[in-house]
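What the coordinates show
Chain by chain, the residues run as shown.
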Amino acid sequence: QIKNFEEQVFNFKEDRSVGAVESAKTAKEVAEQIWRDYFKSNIAALRKPYKVFFDEESDTWLVESKWLLKSLGTACILIQKCDGKVLAVWQERDSER
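Residues numbered from 1 in each chain as written. Predicted model: local features only at pLDDT ≥ 70, side-chain atom pairs only at ≥ 80, totals over all residues. Heavy atoms only, no water.

Turning next to the nonpolar core. Among the nonpolar cores identified, the biggest contains 26 residues, and W35, L46, V63, I77, L78, V89 and W90 are the most heavily contacted of them. Of all the secondary-structure elements, those providing two or more residues to this core are α2 (24-39), β2 (60-66), β3 (74-80) and β4 (86-92). Element by element, the count of residues in this core is highest for α2, at six residues. Contacts of L78, omitting those with residues within four sequence positions, involve I2, F5, V9, T60, W61, L62, K85, V86, L87, A88 and W90. (Core = buried A, V, L, I, M, F, W, Y, C linked by side-chain atoms within 4.5 Å. Buried < 20%, exposed > 50% of the residue type's maximum accessible area, 1.4 Å probe, protein only. Helix = DSSP H or I, 4+ residues; strand = E, 2+ residues; numbered from the N terminus. Contact = heavy atoms within 4.5 Å.)

Encoded structure:
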């Protein structure tokens, strides 16, 4: 649930929308585009396939990918389905889970 990520959403200061995100496939593609902006050339160090979760209550996609170097943890992004608003992008160490 998105409630589990309130701190990440609150701390995210960017206002970006990519248009409606109707499928898990599109959510993965959007996540990769956004991660490319945030993580630059390190994007190649993300494991595929990405994990995609959908929270019906908040109409939000959560996309995650572990880094190949385990100490880096997990790259995460929250995207609203209806308009593609990026709610948060963050990197989470596995010890934080």
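What follows continues from the structure just given.
A few words on unusual backbone geometry. With an omega dihedral of 0 degrees, the bond running from K48 to P49 counts as a cis peptide bond. Along the chain, the position of P49 falls in the loop between α2 and β1 (51-55). Even without being a glycine, D59 presents a positive backbone phi close to 55 degrees. Looking at the element boundaries, D59 is found in the loop between β1 and β2.

Taken in spatial order, the four strands make up an open sheet running β1-β2-β3-β4, and their pairing is antiparallel. On the outer flanks of this sheet lie β1 and β4, each paired with one strand and no other. Neighbouring strand axes in the sheet, compared pairwise and without regard to direction, differ in orientation by 15 degrees on average. As judged from the seven bridges shared by β2 and β3, these two strands associate in the antiparallel manner. By the bridge assignment for β3, V63 is matched with I77. (Pairing = 2+ DSSP bridges. Axes fitted to C-alpha atoms, helices over the stretch in contact; angles between N-to-C directions.)

The next point concerns the pairing of β3. Judged by how many residues are buried, β3 sits mostly within the fold: six of seven residues are covered. Examined bridge by bridge, β3 and β4 share six bridges and lie antiparallel to one another. Residue pairing for β4: I79 is matched across the bridge by V86. The turn linking β3 back onto β4 is made up of five residues, and G84 within it adopts a positive phi angle of 70 degrees.

On to the environment of S58, then. Along the polypeptide, S58 turns up in the loop between β1 and β2. A relative accessible area of 23% means that S58 is categorised as partly exposed. Within the structure, S58 has its side chain in polar contact with the side chain of D55 (distance 2.5 Å). (Polar contact = N/O pair within 3.5 Å; in protein donor to acceptor, adjacent residues only side chain to side chain.)

Attention now goes to the side chain of S65. Note on placement: S65 falls in strand β2. Residue classification places S65 among the buried positions, given a relative accessible area of 3%. Engagement of the side chain of S65 in a polar contact is seen with the backbone oxygen of R47, the distance being 2.6 Å. In contact with S65, other than residues within four places in its own chain, are W35, L46, R47, Y50, G73, T74 and A75.

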